[in-house]
Every structure is written in structure tokens, then in C-alpha cells.
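Single-letter residue listing:
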Amino acid sequence: MRALCWEGVNDLRVQTVPDPEIVNPHDVILRITMSTTCGSDLHFIDGYVPSMLPGDVIGHEFMGVVEDAGSEVKKVKKGDRVVVPSFVACGDCWYCQHDLYSLCDNTNPNAEVQAPLLGYPTGACFGYTHAFGGYAGSHAQYMRVPHADVGCFQVPEGLRDEQVLFLSDAAPTGYMGADFCDIQPGDIVAVWGCGGVGLMAQQSALLLGAERVIAIDRFPERLKMARDHIGSETINYAETPDVLAILHEMTGGRGPDACIDAVGMEAHGTGPGYLYDKAMQTLRLVTDRGQALRQAIMAVRKGGTLSVLGVYGVMDKFPIGVIMNKGLTVRSAQQHGQHYLPRLLEHAVKGELDPSYLATHRFSLEDGPRAYQMFKNKEDGLVRAVFTP
Amino acid sequence: MDVGSPLGGPATSGIADALKGALPGGTGKASQEQRRVTLILGGVLLTLGLRRVSFGGAALALAGGALLYRELSRQSGQAGAETHMAEVTRSITIGKSAAELYRFWREGGHLPRVMGHFAEITETDMDQAHWTVRVPGGRSLSWDTRVVESRPGELVSWQSLPGTELPNRGEVHFRPAPGDRGTEVTLRLHFQPPGGTLGAAAARALNGLVPSLLVGDALRRFKSLVETGEIPTLDRNPSARASTA
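The rules we used
- Residues numbered from 1 in each chain as written.
- Chains lettered and ligands numbered in written order.
- Predicted model: local features only at pLDDT ≥ 70, side-chain atom pairs only at ≥ 80, totals over all residues.
- Heavy atoms only, no water.
- Helix = DSSP H or I, 4+ residues; strand = E, 2+ residues; numbered from the N terminus.
- Rg over C-alpha atoms; globule rule 2.2 N^0.38 Å.
- Buried < 20%, exposed > 50% of the residue type's maximum accessible area, 1.4 Å probe, protein only.
- Contact = heavy atoms within 4.5 Å.
- Areas by Shrake-Rupley, 256 points an atom, 1.4 Å probe, with all protein chains shown as cover.
- UniProt positions renumbered as here; feature names shortened; annotations may be inferred.
- Salt bridge = Lys/Arg side-chain N within 4 Å of Asp/Glu carboxyl O.
- Polar contact = N/O pair within 3.5 Å; in protein donor to acceptor, adjacent residues only side chain to side chain.
- Nonpolar A, V, L, I, M, F, W, Y, C, P; charged D, E, K, R; others polar.
- Pairing = 2+ DSSP bridges.
- Axes fitted to C-alpha atoms, helices over the stretch in contact; angles between N-to-C directions.
- 1 Å grid on protein atoms, 1.4 Å probe; cavity = no way out; pocket = protein on both sides within 12 Å on 5 of 7 lines; lining within 4 Å.
- Points joined across faces, edges and corners; volume = space filled by probe spheres on them.
- Core = buried A, V, L, I, M, F, W, Y, C linked by side-chain atoms within 4.5 Å.
- Parallel < 35°, antiparallel > 145°, perpendicular 65-115°, else oblique.
- Left-handed = near helix turned anticlockwise from the far one by under 90°.
- Phe/Tyr/Trp six-rings, centres within 6.5 Å; stacked < 30°, edge-to-face > 60°.

**Focus: the overall build of chain A**
- Along its length, chain A carries 14 helices and 18 strands.
- Relative to the 2.2 N^0.38 estimate, which gives 21 Å for 389 residues, the radius of gyration of chain A is 20 Å and therefore close to what a compact globule would have.
- C-alpha atoms of chain A, sized along the principal axes, occupy 60 × 45 × 40 Å.
- The buried share of chain A, taken over its 389 residues, is 61%.
- Taking the contacts inside chain A whose residues are at least 6 apart along the sequence as the reference set, 70% of them involve residues at least 24 apart.
- In the form shown here, chain A has an accessible surface area of approximately 14,200 Å², with 52% of it arising from carbon and sulfur atoms.

**As for the UniProt feature "domain: Alcohol dehydrogenase-like N-terminal" (unreviewed entry) in chain A**
- Cross-referencing UniProt, the feature "domain: Alcohol dehydrogenase-like N-terminal" (unreviewed entry) maps to residues 25–156 of chain A in the present numbering.
- Helix makes up 16% of residues 25–156 of chain A and strand 26%, and the two end C-alpha atoms of the span are 26 Å apart.

**A closer look at the interface of chain B and chain A**
- Taken together, the contact pairs 34 residues of chain B with 48 residues of chain A.
- Linking chain B to chain A there are 5 salt bridges.
- Glu 112 of chain A is the partner of Arg 220 of chain B in a salt bridge, and the nearest nitrogen-oxygen pair spans 2.6 Å.
- Along the contact surface separating chain B from chain A lie 17 residue pairs in polar contact (both at pLDDT 80 or more).
- Partitioned by chemical class, the residues of the side of chain B that touches chain A number 10 nonpolar, 11 polar and 13 charged.

**A word on the sheet that holds strand β5 (residues 155–160) of chain B**
Residue and element names in this part refer to chain B.
- Across the sheet, which stays open at both edges, the 7 strands sit in the order β1-β7-β6-β5-β4-β3-β2 with antiparallel pairing between neighbours. At either end of the open sheet lies a strand with only one pairing partner, and these are β1 (86–94) and β2 (119–123). Strand after strand, the sheet turns through a mean of 20° between neighbouring axes, direction not considered.
- Bridge count for strand β3 (residues 128–135) against strand β4 (residues 139–151) is 8 bridges, and the pairing is antiparallel. Within β4, the position partnered with Thr 132 by the bridge is Ser 142.
- Sheet contacts for helix α7 (residues 211–228): β1, β6 (168–176) and β7 (183–191); angle to β1, the most-contacted strand, approximately 25°.

**Describing empty space enclosed by the protein**
All names here are of chain B.
- All chains considered together, the criterion is met by 7 cavities of 30 Å³ or more.
- Looking at the largest cavity, its volume works out to about 140 Å³.
- What lines the largest cavity is a set of 15 residues, and nearest its centre among them are Leu 111, Glu 123, Met 126, Ala 129 and Val 147.
- If you list the elements that add at least two residues to the lining of the largest cavity, you get α4 (98–107), β3, β4 and β5.
- The class makeup of the residues in the lining of the largest cavity is 8 nonpolar, 2 polar and 5 charged.

**Quick look at the UniProt feature "domain: Alcohol dehydrogenase-like C-terminal" (unreviewed entry) in chain A**
- Per the UniProt annotation, the sites labelled "domain: Alcohol dehydrogenase-like C-terminal" (unreviewed entry) are residues 196–265 of chain A.
- Between the C-alpha atoms that bound residues 196–265 of chain A there is a distance of 16 Å. The span itself is 44% helix and 20% strand.

**Notes on the sheet that holds strand β12 (residues 212–217) of chain A**
Residue and element names in this part refer to chain A.
- Ordered in space as β13-β12-β11-β14-β15-β16, the 6 strands form an open sheet in which the pairing is parallel. For this open sheet the edge positions go to β13 (233–236) and β16 (329–332), each flanked by a neighbour on one side alone. On average, each strand axis in the sheet is inclined to that of its neighbour by 20°, with strand direction left out of account.
- Judged from the 4 bridges that link them, strand β11 (residues 188–192) and strand β14 (residues 258–261) form a sheet pairing that is parallel. The partner of Val 189 across the bridge, within β14, is Ala 258.
- On top of the sheet, helix α8 (residues 220–230) reaches β12 and β13; it is set at about 165° to β13, its chief contact.

**Quick word on the pattern of salt bridges**
- Scanning the entire structure with this criterion turns up 27 salt bridges over all chains.
- A salt bridge links Arg 31 of chain A to Glu 67 of chain A; the shortest N-O distance between them is 3.6 Å. One end of the pair, Arg 31 of chain A, is in strand β3 (residues 28–36); the other, Glu 67 of chain A, is in strand β5 (residues 61–69), and 36 residues separate them in sequence.
- Residue Asp 228 of chain A is joined to Lys 224 of chain A by a salt bridge in which the shortest nitrogen-to-oxygen separation is 2.6 Å. Separated by 4 residues within a single helix, Asp 228 of chain A and Lys 224 of chain A lie in helix α8, roughly one turn from each other.
- Overall, Lys 224 of chain A belongs to the partly exposed group, its relative accessible area being 45%.
- In this structure, a network of salt bridges that share partners links the residues Asp 105 of chain A together with Lys 223 and Glu 227 of chain B.

**Quick word on the nonpolar core**
- Among the nonpolar cores identified, the biggest contains 49 residues, and Val 83, Leu 167, Val 189 and Leu 199 of chain A are the most heavily contacted of them.
- Among the secondary structure elements, those contributing two or more residues to this core are α5 (161–165), α6 (170–179), β11, α7 (196–207), β12, α8, β14 and α13 (337–349) of chain A.
- With near-sequence residues (within four places) excluded, Leu 167 of chain A lies in contact with Val 83, Pro 172, Leu 341, Leu 344, Leu 345, Ala 348, Leu 353 and Pro 355 of chain A.
- In this structure, Tyr 102, Leu 111, Trp 158 and Val 215 of chain B belong to the second largest nonpolar core, which totals 38 residues.

**Some details on the packing of α7 of chain A against α8 of chain A**
Residues and elements named next belong to chain A.
- It is the contact of α7 with α8, at a shortest axis distance of 10 Å, that shows an interaxial angle of 25°. Classified by the angle their axes make, α7 and α8 are roughly parallel. The two elements α7 and α8 cross, and the hand of that crossing is right-handed. From α7, Leu 199, Gln 202, Gln 203 and Leu 206 reach across to α8, where they touch Arg 222, Met 225, Ala 226 and Ile 230.
- Partitioned by chemical class, the residues of the contact of α7 with α8 number 5 nonpolar, 2 polar and 1 charged.

**Here we look at the packing of aromatic side chains**
Residue and element names in this part refer to chain A.
- As enumerated under the stated definition, the model contains 15 aromatic pairs over all chains in all.
- With a centroid separation of 6.4 Å and an interplanar angle of 50°, the aromatic rings of Phe 363 and Phe 387 are classed as tilted. In this pair, Phe 363 is assigned in strand β17 (residues 361–363) and Phe 387 in strand β18 (residues 385–387), connecting sequence segments 24 residues apart.
- What makes Phe 363 buried here is its relative accessible area of 7%.

**A word on the pairing of β7 of chain B**
Residues and elements named next belong to chain B.
- The element β7 is largely enclosed, with a buried count of 7 among its 9 residues.
- As paired elements, β1 and β7 share 9 bridges and run antiparallel to each other. Counted as the bridge partner of Ser 91 is Thr 186 from β7.
- Where β6 meets β7, 9 bridges bridge the pair, whose relative direction is antiparallel. Within β7, the residue paired with Val 172 across the bridge is Leu 187.
- Between β6 and β7, which pair antiparallel and follow one another directly, the connecting turn spans 6 residues, one of which, Gly 179, has a positive phi of 60°.

This is the structure in C-alpha cells:
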């Protein structure tokens, strides 16, 4: 089959690779119908996140049709149209049984290698680094999905592929970020980042009862999307001298009740703080540019919640004193998609959630390298590149 | 190949080749040779690790560095004389009762799969098993073990029968965990000072590098098999690498 492979830093190629096979009894083979780019792919494409191997098939946000099923697969069957979260979860371990699916104990074949990085290993993510399992990803014609009964969710009739695709990763991640904020009536939620996850976090905050949502980004077309599709109020930080002062005034001097970081390690920013981050990262002294995160920590009201969805590595200058003195609650995770998907599909069926507008550009799989180039540089207003293999 | 193995990926052949070159051919000052092998192995790992700017590389570099440090920090006159026994102990919590886990370990016939990442095991009966382990340089070591103690719901311990180049023993303990968390399982493997140069090199390699990962992997494989009925694997994982064709 054809697949988009990582061959080195900033070197993606479409190649012919062996077809996936059923290996374990709970596996299915999925024929991919749609797959999309995610900001967290950029971390290993740019070489900031290690443990990719040349030849790895990438991609972790996808949907497809079940082509073949292992002997122990009970709930899904050949021909089912399904959407699958990007983290692989077994459904049986303590973490899965407590709805902490991305922390699954039983799906990462490289758990022992990852553990020294984090203390204890996480579950595996499709099409990501070998520390996160090393499973082949979705930018391919077919893929193997382990623990299919836990990971595959049937798509209800009447929903188009574009409406469902982002329920694989961007929507559950954003929804989880808003869920972490424990939103109360009257709450104002600020979200840094208007990419797929940021926009989904904004929409989810409103679905979960937020009074107002404020979005912060620097791309006018993304901010327009936040206003037009969601109803967020927006701040373009590239055009304003002081985001904190603006947030202060917009919230009557209280600050947002919750702040969501949907940006992560390659944050852009302005001023000397950003130059410092960029220099340190270029020298590989740190993996992260933490400006968005630090700003969110400063902006959130006293006793409020900081919800971190952005992918981070090892950061210096982390303002723990601000968190401590302001009595903040910090919550974070890779997406627990299996917990949120039933709810999200319900919202989609009722017409309350339609992320199809994220699919700004379509490509064939063969155009994968060019699509990622455009995605990375946000050319032509590209928010998400969608592949239809 | 299973790139999930601790030293999997492109580095494995490099290490094997380096060892092949480094392993002494005949007899001689065994302790000197052992020291040399360890130093070379440590240096190779460190170099390979530092050359590969990757997570695996960092792990290799750390392992290599540790091996070098250990060897260089010995008094040179004592090199090889004090061959520490390698003993590794690791624990994991599994969401089943101690009685179930004991039965699974003892009677399930699952050990060949649980240990399959580093040893081929043939269970001749409930108490005896034949182990074969491939060591760097394309050679293998094998031995037979016999269960020497077993207490239902508590522990199983075994040891190798005389006549192997790498005498070893192991034990697994089961202890109820608090709340709804299942059972705390502790696995301990113990390799004794080897005879013969190959055995020495193998034991050193095991001692410095593999055992902690190896024992940790064995426990995780056991846990996954018991909790989910399968072991996570990258077997036949599609990629554009030659080795997975």
C-alpha cells in the first residue's frame, strides 16, 4: 500500500510499504477513508520530539471502514464505518476503567523505554514516536487498530465524513480541555490557539455552559473562524501590545475563570520573552517555547483553572510561584478520546457540533509532503489538510 | 523485527558487530579480556547513542556511559576479579487477584510468551523448563530450570540446573494491593558469576545493560496478557524500513 513516511527531520515521503495485518486477536484492519494533519505532528517533523525512526508511517487523526477483524473482536465488524481516537487504549486496565484512556497500561510496546522520560509510561499513540508506541499511522491506505472494540466508534447514519473526522482527535481533545475547567454559570473561558484543537476547545466551552469565550491567536483568518463559527470574542496578539491588559479589561478586572492552552511547545509570541524562548530552543537547550503557557498562567483569575492541551517537553522558566500564590488548579492530559466520543457523536447528530469547517484543504495522499509544508507554514489559510487515500 | 525490544532498531546490529569483533577468540587473561569487552561495549553504546540524536540514542548513551563509568571506577588490578552478581528486581501492579495470577504463572503455559522478548522457553512440565537466550555476537546460551519453591497465591521460585555458562535463578512474588488495585507482582532475576569468557562477556552485557529493561518488559508483557489477553506488539508493523518488509 502507499503511505506517508517520516524519513528524517523535515523529510516526508510517500512510499510503498507492506500492508498491515491482524497480529493480535483484538485487532482490526481499517481502510482509511479520511485522515488529517495535526499540530503535534509538527513536533517530530521539525525534530523537537525524538524517537522517530526513518520509514515510520505517520498520522493519528482518522476514520475508515473495517476491512478485517481479529478473532476476539466483538462489537465492530467488517463494513462498519468508524472513527477512532488517536490514543490506543485496552479498556481493561485500572486507568481505562477510570476513564483515563490515554494513560492505558497495556498498549505501549515501548513502555519500558518511555518510562524513564515520564516516571511511568503512557498508552500508545498511532503514527507517533517510538516512545509513544511506534504503531504505524493513518496517512496510508490501510492501518491496524489494536483493541478495536474499545477504540472504534460507529458513525451514525447521516453524518458526512468531514463532520466525523475531527472527532478522532481535535474535538475530544478540545472537549476534554473544556471539561477540565469545571465550567460554572457565568464563567469566562480564554483559549490560546485557534487551530483545530483550540477552536474545538472554544466550541466545547460554550457547549458546557460558558458565558463567554475569548480566543487568542495571530492569524486573522483563524480568528475570523473563531468569531464566525463559534461566536468567540478574539484578540490578535500580534496587533496588540498587551494581551494581559486587554483580558483584564474584558473580564472586569477579574481575569478569565479558566484558561486553556491549545498551543504547545512551538508557541509564537512577541517581545524579549519570545526571543529568549526561540534562542534557547534553537540551541536545543529546551524543547519548548513557553510564552503562551506563561501568559495563560498570568491571565487566569485567582483560584481559577489552567487546562493544558498543548504538547510540551521539558521547559525551564515555568512560573510555579504564580500557580501557587494564585491557588490555581492545573489539569492536563493527552486526550481520553474513548471517554468523550459517545458524547461528541451525540452532539454531532443533534447538530450542535459540526467541525467540518476545519477541513480547509483537501489533498490526495501522494501530495502529503506538500500538504504538510502548507500546514506548517499556514499557507493559503490552511487550518487542516485532509487526505482521502 | 520487533522494534519494540529494548535495544531494537538499527543500533542492534551495530552493537552485535562491535561485540563480535571485541570478543576474545581464545583463552588468556580472562579478566583483562572481560574488562576490555566491557570498555568497548560501553564506548560503542555511548558513541552510537550520542551520534543518534534520538530518544533511543539517549538511552543507549546513558547505558553505555553507565557501563564505562562502572568499569573505569574499578581499581584496575581488581578488574574482573570482583564479578558482581547481576540481580534485578522490578514490581508492577496487575488488576487480578493473587490466586488468579499465581495460577496464570504456574499453570497457564504462558511463560514462553511472557519471556519471549529475550528467551525461548520450552516448558517440559510444570516444574521444569528449557531456556535459550541469544547473546550479542550471534551466539546463544541455554540452560534448564527447576521450580524450587512454590506457594499458591504467594510465590514461585526457580533456579538453573548445574552445567550452564550463566547460572541464574528467579522468583516472582504476589502480594495483594490496596483498594481495587489488584495484586503487586515482584519479579527478581539473579545471574551468578559465569565461567568461561563467553559467559563472562554475556553476563557483563546483561549486567550492565539489559536486565532492568528485560525484567520490566517481562512484567509488562505478563500484565498485558493477563489483563487483556494479548501482548502489545509492533510485529509486522508497516513502515518503509527494509527490516519490516
